[in-house]
Amino acid sequence: MDLFRLRPCRRCFPAPTMHRSSSNSPSRQRFVRKSHSRRAGLPALLLAAMLSLPTAGAQSPAKPARETAELPLQQLLGGLLQRSGINPAPVLGHTGTSGAAAGVAAKSLPASAQASGIIVRFSDPAVQQLAAADQAPPSALLADIAAALATPLHYARAMSGGMHVLGFESNLPLERALALAQQLQQLPGIELAEPDVIAHPQMVSHDPGYAAQWSLRSPAAGYAGAINAESAWDYTTGENDVVVAVVDSGILPHPDLRGRLLPGYDFVSDPRYSNDGNGRDADASDPGDYAAAGECGAGKPATASSWHGTHVAGIIGADGSNLYGVAGVAWKTSILPVRVLGKCGASSSDIADGIKWAAGLPVPGVPLNPYPARIINVSLGGLSATGCSLVYREAIKAATIEGALIVVAAGNAQVDVATYSPANCDGVLTVMATDRDGKLASYSNYQFSGRIAAPGGDIDRHGSAGGILSTVSNGTQGPSSYETRVKQGTSMAAPHVSGVAALALAMHPGLSSAELSTLLQMTSAPFPYSYECTIQQICGSGIVDALESVSGAALLSNYQLVYEFYNVDLRHYFRTGSALEAKLVNKGEAGPGWQDTQDYFYAWSEPSSELYPVCRFYGTPGIGPNSHFYTASPAECELVKRDPGWTYEGIVFYAKLPNAGRCPAGAVPIYRAYNMRWMYNDSNHRYTANRTLYEQLVAQGWAAEGVALCVAAG
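A brief structural summary. As the structure is a computational prediction, the values presented were derived from the model and not from experiment.

Right, let's talk about the side chain of S347 for a bit. Structurally, S347 is set in strand β9 (residues 346-347). Polar contacts involving the side chain of S347 include one to the side chain of S349, which spans 3.2 Å. Those residues in contact with S347 that sit more than four places away from it in its chain are S116, D196, V197 and I198.

Below you can see the structure in the form of structure tokens.
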């Protein structure tokens, strides 16, 4: 197929008449059970998945493109899940930080909030290209900045996004750094200036102690805050080809993780805080984040190494079948260490570069990651004076387009997530922490437009038995022998969600990041009664549920999300059922002007006796129209194949056929309109499940071509 051959139309193919035909293709069940079952829930669910779906009503007209596509997916996913026996939870909107919240945060930043420098992007494209080549900007520009600011700055390094990092001689309070960045932003030739904010692990450490792994069990076992992982393991314990990146302090080769740790990278750029004697390098193991008294600021006490990244990695994927240590959520998942956290915290510039690299994107001076992650766990965060920074927004958007789900800890300050980054960024799955009773943990941040909750433990309420047990070293400074230890924090909650996401991808690797995020939220378990979670509703859609998420992923493997794009320059619409093709369009590789309309529908991904392949054609360059054409009619497909004006691009999904303009019971009609612009070499068809939108097109002069095919949900 060739999506990108966009040329003027010379002749236009008239819409053929639909014909019904038959097929005897067998139905195929793709859900494979991984181990001996103790339950019958999923096979019954799969049987229901083979049934037809109720007809969807008319939807509102297509909305402008947004950074994420989760909201339009709610209705589609909700219908599929509910029809198959899963009661979908409501997914609350996620709007990032409001202006009011940002203002409050800016006025009340504690002295502990610090920045290590300023991130700058110069307006000159040539200087941005220097950053991409890992080179410094011209010395004259740096001299202009030095002359404009009273605070000494030194050139630190280039970073992704065409930006450069300028460092302070020592960390400054965030309020002071914000003022300097705002002053710098006013200079000519400066496109962006933001503080390089220091983030910290989102967990609360406690001494080792005995604790059962209650978080992996089920509410039926008496743990209302658990994720129901035991039930999901009957069907999958993960797959090695699903990669989860842990953007954290690095990971040690703990025996419970050996054999599944991929070669990662150390992104701690400042040797003063790296604890390994240098800056960035290819060793992503954790040397320890210990610090001497006063080393992280006047009056700061000495701290021992936390082994934070190793603890997070163990929650995600400690081996549960080796008769040693503890079990993680997804035993067979591959884990990619991305070290960004040294002693005294992690800079936002290092975190942003780490996120991009984890997703397979280029970072100046660093080799490309050969193991792009589908899930990126960020159990780090810090106070945000002005909402989600542009540096984080760009990194998150780029990684999401690459297909990565970014899971972020909400923070442990008992405040609204709106004041914490990157948890307050659009496009991430923010995770609040619950205790073993399913209540909001005593330390957890919260969110009125929250995403999801997961076990983070609460030792303050329940003692060590209420903590989260996972993998660590027992060294107080450098690594020593290995053990397990209980900790608590939203840092522990986020990897539970990342692990469940890995189980879901093991069942259905084709899920997009938006589908995966929405699925996790819609299959989450309801909270037990509590003031915060059920009355105030500040804990998210529910507690992540491994069995329901795996069930939903298995169900969705029978269906295929069909995207629609609109080109504002060509005024053309385009449909694809390929997540990879959609990714390329979103990245701009189909040329400029393409926008995701979010007018989606679900078709089927496999043939059956009632399902027919949908043929896609593109106007033959130099002969046919600059347009794509789709048909589920075998007769029409063969007819178009014989026309030299059209090039056959293959089967894109499966659908049912209408009969006299009506779809079979349970199928949703897809209407086809034709813009009637063949005489202007501007021919185009549009396909939509939205009856109102179809009627609007007809009112604007498009030809009404009726019901072209019938799909699962729209």
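According to the stated counting rule, one finds 5 disulfides in the structure shown. Paired by a disulfide, C388 and C425 hold their sulfur atoms 2.0 Å apart. Disulfide C388-C425: torsion about the S-S bond near 90 degrees, hence right-handed. Residue C388 is located in the loop between β11 (380-383) and α11 (390-401), and its partner C425 is located in the loop between β13 (420-421) and β14 (429-434); the two are separated by 37 residues in the primary sequence.

Turning our eyes to something else, we now look at a nonpolar patch on the surface. Together, M676, W678, M679 and Y680 line one region of the surface with nonpolar side chains, adding up to about 460 Å² of accessible area. Among the structural elements, M676 can be located in the loop between β25 (668-674) and β26 (685-688).

If the charged atoms of two oppositely charged side chains come close together, the side chains can form a pair. For the structure shown, the criterion picks out 26 salt bridges. Of the charged contacts, one joins R121 and E394 as a salt bridge, the two residues approaching to 2.6 Å between their closest N and O atoms. One end of the pair, R121, is in strand β1 (residues 114-122); the other, E394, is in helix α11, and 273 residues separate them in sequence. R121 sits in the buried class, given a relative accessible area of 8%. Judged by its relative accessible area of 23%, E394 is partly exposed. As a salt-bridge pair, R280 and D353 come within 3.1 Å of each other at their nearest N and O atoms. Of the two residues, R280 is situated in the loop between α8 (271-274) and α9 (308-317) and D353 in helix α10 (residues 348-358); the sequence distance between them amounts to 73 residues.

The next thing to look at is the pairing of β14. Most of β14 is tucked away: 6 of the 6 residues are buried. Taking every second residue as pointing to the same face, both faces of β14 are buried, with L429, V431 and A433 on one and T430, M432 and T434 on the other. Relative to β14, strand β12 (residues 405-409) is paired through 3 bridges, and the arrangement is parallel. Following the sheet pairing, V407 is matched in β14 by L429.

This part covers the packing of α9 against helix α13 (residues 490-507). One can describe the packing of α9 onto α13 by two numbers: an axis separation of 8 Å at closest approach and a directional angle of 35 degrees. Helix-helix and strand crossings are classified by hand; for α9 and α13 the assignment is right-handed. Contact residues: α9 offers H308, H311, V312, I315 and I316, while α13 offers S491, M492, P495, H496, S498 and G499. Of the residues that constitute the contact of α9 with α13, the class distribution is 5 nonpolar, 6 polar and no charged.

Here we come to the sheet that holds β25. Picture the strands of a sheet paired through backbone hydrogen bonds; they go either parallel or antiparallel. With respect to topology, 3 strands assemble into an open sheet ordered β26-β25-β27, the strand pairing being antiparallel. Two strands in the sheet have a free side with no partner beyond their single neighbour: β26 and β27 (703-711). The average undirected angle you get between the axes of adjacent strands in this sheet is 25 degrees. Alignment of β25 against β26, held across 4 bridges, turns out to be antiparallel. Across the sheet, residue R672 finds its bridge partner in β26, namely Y687. Sheet contacts for helix α19 (residues 691-699): β25, β26 and β27; angle to β25, the most-contacted strand, approximately 15 degrees.

Scoring rules and cut-offs
Residues numbered from 1 in each chain as written. Predicted model: local features only at pLDDT ≥ 70, side-chain atom pairs only at ≥ 80, totals over all residues. Heavy atoms only, no water. Helix = DSSP H or I, 4+ residues; strand = E, 2+ residues; numbered from the N terminus. Polar contact = N/O pair within 3.5 Å; in protein donor to acceptor, adjacent residues only side chain to side chain. Contact = heavy atoms within 4.5 Å. Disulfide = S-S within 2.5 Å. Patch = residues over 30% accessible without salt bridge, like charges linked within 9 Å, V, L, I, M, F, W, Y side chains within 5 Å. Areas by Shrake-Rupley, 256 points an atom, 1.4 Å probe, with all protein chains shown as cover. Salt bridge = Lys/Arg side-chain N within 4 Å of Asp/Glu carboxyl O. Buried < 20%, exposed > 50% of the residue type's maximum accessible area, 1.4 Å probe, protein only. Pairing = 2+ DSSP bridges. Axes fitted to C-alpha atoms, helices over the stretch in contact; angles between N-to-C directions. Left-handed = near helix turned anticlockwise from the far one by under 90°. Nonpolar A, V, L, I, M, F, W, Y, C, P; charged D, E, K, R; others polar.

Shape is all these values report; function is a separate question.
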